[in-house]
Amino acid sequence: SFFLADLVSDSSSTTAFDQRLHHKLVSPNNLCFNAVRSLFRESASALDQEIITQEQELAHETRSCRVLTHWIPGRIEVMGKHTDYAGGNSLVCSTEGRGMAMVSTMAPAADKQRKITIVSVLADGMEHHAMNSAAPFDVNGRTVVHHTINISDDSMKKDDIANKDWRIYPSTTIRRLEKNFGLFAHHRETTTTDEERGYHIIIAISSNLPPASGLSTSSCFVTGLFLVLDSHLEMRSSHLYRQAIGTADEEDTIYNLSTYLGNIENGTCYTRQKVKRTGIDDTTEERNIVLEGTKQGDGVGTFGGSEDHAAILMGKKRQLTLLSFCPTRPASFAVDQLNGLTVCNSEDIDTESKDVNQKSELELPSKLVFVIAYSGARAEKAGQGTEASIGYAYASDMASKAFKAYNACSTAAIHDDEQKKLHTLADSIRYERKKQSISHVTSCEDQVKKFISDKVLKGSAAVRDDDHATVADFGNLLTKRFEQFYEESEVLVPTAAYCLAESDRLQMLGPIVDKSHRNAVNILKNQIKETAWLPLWARGIEHQLKTKPTLYVDESKKSEQAPRNLERITAFASSAFGAGFGGSCWALVYRDEAEKFLLQWRSAYDEAFPANGSSREFFITEPGPGAFLL
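Residues numbered from 1 in each chain as written. Predicted model: local features only at pLDDT ≥ 70, side-chain atom pairs only at ≥ 80, totals over all residues. Heavy atoms only, no water.

## Observations concerning the overall build of the protein
Step number 1: Summing up its helical and strand segments, the protein has 18 helices and 22 strands in all.
Step number 2: Across the protein, contacts joining residues at least 24 apart in sequence account for 73% of those joining residues at least 6 apart.
Step number 3: Summed over all atoms, the accessible surface of the protein reaches about 26,300 Å², with 48% contributed by carbon and sulfur. (Helix = DSSP H or I, 4+ residues; strand = E, 2+ residues; numbered from the N terminus. Contact = heavy atoms within 4.5 Å. Areas by Shrake-Rupley, 256 points an atom, 1.4 Å probe, with all protein chains shown as cover.)

Below, the structure written as structure tokens:
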């Protein structure tokens, strides 16, 4: 911990906090350090001023207290569009120098209540969130909002119903943690003070992630809030947490935590399967541990997965991570390049690990960096009724219905015990591969893909709703959604990782990512014109984008991409990412060409799509360390 005054200070002298931050960021880049240090200074200033406004409710002088400091990075979804909640694969990393700085303290409360106050320095363009929660102060001219949740008050249970703006995130997270663990319960167990003593935790936040940009600001908030509260209240030390999530020495603990944090956002129950428990008579039994949720969609308003939380927690310098989901776990593959790219998921093959040549962790070649283009179109998923929340719900709902259609057509053929094990589209793929003794996927005709597609089409009538005119229309939509999922998760994600793992394979990467982006535009239909266009321009194939009769990328217009020359730089690969319906795109370029490419990309975008007041942003980043406590 550090003294609040040390964080607020803008002295040119190096403090212990500065030294620690330099060490944890693992970056020689002064721009990165200065950006993050500035965020911590803003958070500390907001905390300092909030303490002044709350001084009547605090039991003693708090401004001289020690504070905890957490860094929570954003994430880049390199590959894996709408795959995680259906049990698929993703390739992700956390962002260097872009994220949230959280500064917090816990002090005795004079009124014996247990409260948590969130103080947030709003990013430019987010002032509309201050309508009902503005603080009586600002930080460097930026609007500050605050919100207090009283754990001792039953009205907390209604908080996320009443508040559909930024407050839905702390309300949802705190309500779920209280429901599952009892936030102050373990703290009371380990203190010698009176159980009726009140406490007030104040958490101040400042971020340089563009708001609602697809860089996971929402998951940063939820993940960071958990880490801060755990640091103060030691939830990880409780017996229930150790049983349900795991202990520090268990390898799957961080994966389980990622799954649980995803469950917080989507409102569903968390289940850890087959946990060994020893009874009083020393007998051992296995049983499932369940942390009760609310209901699907009663989290922050979307039914997503745990990809973002995993990337934020597990990030490492220059590292990309391959993951599978439902539950979250490392993914690895055997990739054969001899006869085209042939992929075998390690979960589908009974061979020694030496045959698996694409491990879960891979290092991005040092000569490459990401350039991020935030389109300026906000993809706000929280709450009901936003374009992004409606679109996101549609994409996840279609994946769910595709699985139900497969199940409806397969029920008679699957033994009851096997049927119970299938919960996602990815489960159906694993099952059919095992049943048909097919472990590999090729870019040519795929027997398992065709088999499941046929079942989805046949079973679509059983899950059709009234929003679709005909069974045929609905069946075709479900089939396309499954095929997009299959191709993205089973083929494009692992082959992209394979190409990125070695510099001599980079030239194969572009067409793979192009196909992923094209499927997002043409099949998922989760892109707007801006985010459809940006990656195509980065690749020199912007002429493929068509807008009539609908927005789509025309494969028949393939041609040589723009030549690499001094006048125009083209990216090795580029794609939109995140939930879609606005947000951001990434492009992978040489480090020494990144600044020039960024200027060219931004200039071309401004010309093609005049800003009209939107707060677009372009910046350079690379894989950075995951969330940490200094």
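Further notes follow.
## Points about the pattern of salt bridges
Step number 1: Tallied over the full model, the rule gives 28 salt bridges.
Step number 2: Arg75 is the partner of Glu307 in a salt bridge, and the nearest nitrogen-oxygen pair spans 3.5 Å. Residue Glu307 is located in helix H10 (residues 307–314), and its partner Arg75 is located in strand E2 (residues 66–79); the two are separated by 232 residues in the primary sequence.
Step number 3: In this structure Glu307 comes out as buried when scored by relative accessible area, which is 1%. (Salt bridge = Lys/Arg side-chain N within 4 Å of Asp/Glu carboxyl O. Buried < 20%, exposed > 50% of the residue type's maximum accessible area, 1.4 Å probe, protein only.)

## Brief notes about the packing of helix H13 (residues 425–436) against helix H14 (residues 447–463)
Step number 1: For the pair H13 and H14, the least separation of the axes is 10 Å and the interaxial angle reads 120 degrees. Put simply, H13 runs oblique to H14. Every pair of crossing elements has a handedness; the one defined by H13 and H14 is right-handed. Facing H13, whose interface residues are Ser428, Ile429, Glu432, Arg433 and Gln436, H14 presents Gln447, Val448, Phe451, Ile452 and Lys455.
Step number 2: Split into classes, the residues belonging to the contact of H13 with H14 amount to four nonpolar, three polar and three charged. (Axes fitted to C-alpha atoms, helices over the stretch in contact; angles between N-to-C directions. Parallel < 35°, antiparallel > 145°, perpendicular 65-115°, else oblique. Left-handed = near helix turned anticlockwise from the far one by under 90°. Nonpolar A, V, L, I, M, F, W, Y, C, P; charged D, E, K, R; others polar.)

## Here we look at the packing of aromatic side chains
Step number 1: The tally for this structure, following the rule as stated, stands at 21 aromatic pairs.
Step number 2: A centroid spacing of 5.1 Å and a plane angle of 90 degrees characterise the contact between Phe2 and Phe17, whose relative ring orientation is edge-to-face. In this pair, Phe2 sits in strand E1 (residues 2–3) while Phe17 sits in helix H2 (residues 16–25), placing the two residues 15 residues apart along the sequence. Each member of the pair, Phe2 as well as Phe17, is classed as buried.
Step number 3: Centre to centre, the rings of Phe482 and Tyr486 are 5.8 Å apart; their planes meet at 55 degrees, and the pair counts as tilted. You can see Phe482 and its partner Tyr486 sitting in helix H15 (residues 471–501), four residues apart, about one turn around the helix.
Step number 4: Looking at Phe482, the relative accessible area reads 0%, which means it is buried. (Phe/Tyr/Trp six-rings, centres within 6.5 Å; stacked < 30°, edge-to-face > 60°.)

## Comments concerning the packing of helix H5 (residues 168–181) against helix H7 (residues 217–233)
How two helices pack is summed up by the angle between their axes together with the distance between the axes.
Step number 1: At their nearest, the axes of H5 and H7 sit 10 Å apart, and the two run at 40 degrees to each other. When the axis of H5 is compared with that of H7, the two are oblique. Judged by the sense of rotation from one axis to the other, the crossing of H5 with H7 is right-handed. Contacts between H5 and H7 involve Tyr169, Pro170, Thr173, Ile174 and Leu177 from the first element and Ser218, Phe221, Val222, Leu225, Phe226 and Leu229 from the second.
Step number 2: Residues that form the contact of H5 with H7 fall into these classes: nine nonpolar, two polar and no charged.

## Notes on the side chain of Asn519
Step number 1: One can find Asn519 in helix H16 (residues 509–524).
Step number 2: Overall, the relative accessible area of 8% leaves Asn519 in the buried class.
Step number 3: One polar contact links Asn519 to Glu487, side chain to side chain, over a distance of 3.2 Å. (Polar contact = N/O pair within 3.5 Å; in protein donor to acceptor, adjacent residues only side chain to side chain.)

## A word on the sheet that holds strand E16 (residues 440–441)
Step number 1: Reading across the sheet, the three strands line up as E12-E13-E16 and stay open at both edges, with antiparallel pairing between neighbours. The open sheet has two free edges, formed respectively by strand E12 (333–336) and E16, since each of these has just one partner strand.
Step number 2: Judged from the four bridges that link them, E12 and strand E13 (residues 342–345) form a sheet pairing that is antiparallel. What sits directly across from Phe333, in E13, is Asn345. (Pairing = 2+ DSSP bridges.)

## Re the sheet that holds strand E19 (residues 573–577)
To summarise the sheet geometry, strands pair through backbone hydrogen bonds and adopt either a parallel or an antiparallel arrangement.
Step number 1: Spatially, the four strands line up as an open sheet ordered E19-E20-E15-E21, and their pairing is antiparallel. The strands lining the two open edges of the sheet, one partner per strand, are E19 and strand E21 (617–621). Sheet twist, expressed as the average angle between the axes of neighbouring strands with direction ignored, equals 20 degrees.
Step number 2: Sheet topology places strand E15 (residues 368–374) next to strand E20 (residues 584–590); seven bridges connect them, and they run antiparallel. Following the sheet pairing, Ala373 is matched in E20 by Cys585.
Step number 3: Strand contacts of H16: E19 and E20, with the helix running at about 25 degrees to E19, the strand carrying the most contacts.

## Thoughts on helix H17 (residues 529–539)
Step number 1: Most of H17 is tucked away: nine of the eleven residues are buried.
Step number 2: Within the sequence span of H17, burial applies to Thr531, Ala532, Trp533, Leu534, Pro535, Leu536, Trp537, Ala538 and Arg539.
Step number 3: Gly540 lies just past H17 and shows a positive phi near 80 degrees.

## Comments concerning the layout of surface pockets
Any empty space left between atoms is shown by rolling a water-sized probe over those atoms.
Step number 1: In this structure, the largest pocket spans a volume of roughly 1,700 Å³.
Step number 2: When contributions to the lining of the largest pocket are tallied by element, the ones reaching two or more residues are helix H9 (253–266), strand E8 (270–278), helix H11 (387–410), helix H12 (416–420) and H13.
Step number 3: When residues of the lining of the largest pocket are assigned to their parent elements, the largest contribution, seven residues, is made by H13.
Step number 4: Tallied by class, the residues present in the lining of the largest pocket amount to 15 nonpolar, 18 polar and 16 charged. (1 Å grid on protein atoms, 1.4 Å probe; cavity = no way out; pocket = protein on both sides within 12 Å on 5 of 7 lines; lining within 4 Å. Points joined across faces, edges and corners; volume = space filled by probe spheres on them.)

## Details of unusual backbone geometry
It is generally the case that most residues other than glycine have a negative phi and that most peptide bonds are trans.
Step number 1: Cis rather than trans, the peptide bond between Cys326 and Pro327 has omega equal to 5 degrees.
Step number 2: Positionally, Pro327 belongs in the loop between strand E10 (319–324) and strand E11 (329–330).
Step number 3: The backbone phi angle of Asn140 is positive, close to 55 degrees, even though this residue is not glycine.
Step number 4: Note that Asn140 resides in the loop between strand E5 (134–139) and strand E6 (142–150).
Step number 5: The exposed category is assigned to Asn140, whose relative accessible area is 64%.
Step number 6: If you check the backbone angles, Ser216 has positive phi at about 75 degrees while not being a glycine.
Step number 7: One can find Ser216 in the loop between strand E7 (198–207) and H7.

## Details of the side chain of Glu77
Step number 1: Tracing the chain through its elements places Glu77 in strand E2.
Step number 2: Although Glu77 is buried, it makes no salt bridge; Arg75 carries the closest opposite charge, 4.6 Å away.
Step number 3: Sequence-distant contacts of Glu77, that is, excluding residues within four places in its chain, are made with His82, Leu91, Val92, Glu307, Phe577, Gly578 and Trp586. (Lys, Arg positive; Asp, Glu negative; His and termini not counted.)

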